[in-house]
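Observations on the three-dimensional arrangement
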Amino acid sequence: MWARGLVGRKEWSIVLSLVVVAFWCFLAFIGIQHAGLLHISTNIQGNSNKEQAAKSVEVFRKNMIQTSAKLSPVPLMLMVSLKETSRRATVLGEEMETLSKEISKVSSCVPDIVVCDQAGENTDYEKFDPKSKGCNICSIPGAACTNNKAVAATEYQPNMYNTIMSVSGYYLNRTRWGEPRARTRFVSADNRSTILILQSNLPKCSNVKKFWPLADWVRDMAKVRLSTDEFEFYLSSYAEQIRATAMGTIHDTLLSHVISLPCAWFLLFITVGPSSFLVFATMPIGFLAAVTPLAIIQKAIFYEYSHFSAGLWVSIVIAMSIDYALFMLSRWKEERISGRTNLSAIRVSVCTAGKTVLVSGLILAASFLSVALVGNTIVQEVGVSCAIVNIFVIGVNLTLIPALMILLGFSRCCFEKSQKLQRCRNSVADMIETNMRRFPRLSNCLQWMIRDDDEDHRMI
């Protein structure tokens, strides 16, 4: 009914198409607004432990286990070791003493009285950058954290703390504890490794992202003060493992889709021609439109989406968008080649291929929803979220693709066979036939997919 109403008259078809496009663009815009509300958890149990952090913790456990009771909480631990090629007898020396004193300044960044020149009554101190507002604090990045309200405060006011409560190390505690005790706590048994422990000011400064710029500053200081020929150092902390996981997830997701998207789209282009460019509109709109219900469900059911969820959503959007577009556009192309008008071809495509897209998509969504019965929260949220994404992809392909095809009014070049493309495909098929004679079944299958002949004698 929708398809017939959409293409009954050309004028009404254009109006309804504009409404459809505006509707999906509006949902995508709302999705952008809600994107920041999605909470993606970070699992540090899997591939997040970097080799350096693991080595640092292992050396600590072997040589300095006596201090384990003193490490709660530990936002950052810097381990400095001598390289295997170093001829030095001990890691201690002028370089380590200078580095310890420089890093210790981070615990006294915020003075007793803080004055900010550019802070007003309506300042949001939760996202407040004190240094950029002219506050009289040190210039160490991440050394100061800010809360919106002080304890028992009745109105918003700046309440700043040192992110690091204290810094402990051999040179920083030798005078107070004595040489033997400081060496036992902070220097390894073979004298080739030592640690600096930066203890956080919890719960006042508890956001792990606050420690990322601070960790970068510690890393830069170590690079400046320590000779690369003699020393090596490692940073280990919960915040660093969180960052490694987040950055690794983003990198893996981008890398996988940078490869998969061009390959999948190229196959679609070979099949349906220039109309395949429509998926570059349907994919982002479908994904962004699904963000809003994902955020609402997360807030209502208290789901915490796993760190691999975003990559899985994007994979589903790419695969299903191209798959559903292949059904819709290939049928439209066949009808146009047979002589139908653009509106008539769209109607046939929606009424025939559209049913296939709807049924197959709902079956896939039902399969995802069935895992909600599994007694595991991670599996449940993956199934529910993937089902929601798939439902929105179905809606976009069944409505937005026909609307765009009506508005753009594809010319004959979008559905007529290109002789150059046909020759290119047949040349590739001939190359496969010549060079893959040892694998006849695979060769026949690839030729059937690539060759574009009117004759069927070469098909399987």
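None of these values were measured; they are calculated from a predicted model. (Residues numbered from 1 in each chain as written. Predicted model: local features only at pLDDT ≥ 70, side-chain atom pairs only at ≥ 80, totals over all residues. Heavy atoms only, no water.)

Some words on unusual backbone geometry
- Non-glycine residue N191 carries a positive phi angle of around 65 degrees.
- Within the secondary structure, N191 sits in the loop between α6 (179-186) and β5 (193-200).
- Take N191: its relative accessible area is 25%, and that puts it in the partly exposed class. (Helix = DSSP H or I, 4+ residues; strand = E, 2+ residues; numbered from the N terminus. Buried < 20%, exposed > 50% of the residue type's maximum accessible area, 1.4 Å probe, protein only.)

As for the confidence of the model for the protein chain
- Averaged over all residues, the pLDDT of the protein chain is 77; the fraction at 70 or higher stands at 77%.
- Within the protein chain, the element-level pLDDT minimum falls on helix α1 (residues 2-6), averaging 47, and the maximum on helix α11 (residues 342-370), averaging 91.
- Within the model, pLDDT remains below 50 along residues 43-50, and this stretch shows 14 contacts once partners closer than five positions in the same chain are excluded.
- Here residues 455-460 is a poorly scored stretch, pLDDT under 50, and it has eight contacts once near neighbours within four places are set aside; other chains count. (pLDDT = per-residue confidence, 0-100. Contact = heavy atoms within 4.5 Å.)

Digging into the state of the cysteines
- One pass over the structure, following the stated rule, counts one disulfide.
- Covalently, C109 is tied to C138 through a disulfide, its sulfur atoms 1.9 Å apart. For the disulfide bridge between C109 and C138, the dihedral angle about the S-S bond is near -105 degrees, and by the sign convention the bridge is left-handed. Here C109 is found in the loop between α4 (94-104) and β2 (144-147), whereas its partner C138 is found in the loop between α4 and β2, with 29 residues between them in sequence.
- Since its relative accessible area comes to 4%, C109 is described here as buried. (Disulfide = S-S within 2.5 Å.)

So, the pattern of salt bridges
- Evaluation of the coordinates by the stated rule reveals 11 salt bridges.
- A salt bridge links D216 to R219, with the nearest nitrogen and oxygen atoms 3.0 Å apart. A residue pair is termed a helical-turn pair when its members lie 3 or 4 positions apart in one helix, as D216 and R219 do in helix α7 (residues 211-225) at three residues.
- Using a relative accessible area of 23% as the deciding quantity, one classes R219 as partly exposed.
- The partner of E335 in a salt bridge is R340, with the nearest N and O atoms 2.7 Å apart.
- Note on E335: relative accessible area 11%, which makes it buried.
- Under the relative-accessibility criterion, R340 is labelled partly exposed at 34%. (Salt bridge = Lys/Arg side-chain N within 4 Å of Asp/Glu carboxyl O.)

A short note on the side chain of T163
- For T163, the location among the structural elements is in the loop between β3 (159-162) and β4 (164-168).
- Engagement of the side chain of T163 in a polar contact is seen with the backbone nitrogen of A144, the distance being 3.3 Å. (Polar contact = N/O pair within 3.5 Å; in protein donor to acceptor, adjacent residues only side chain to side chain.)

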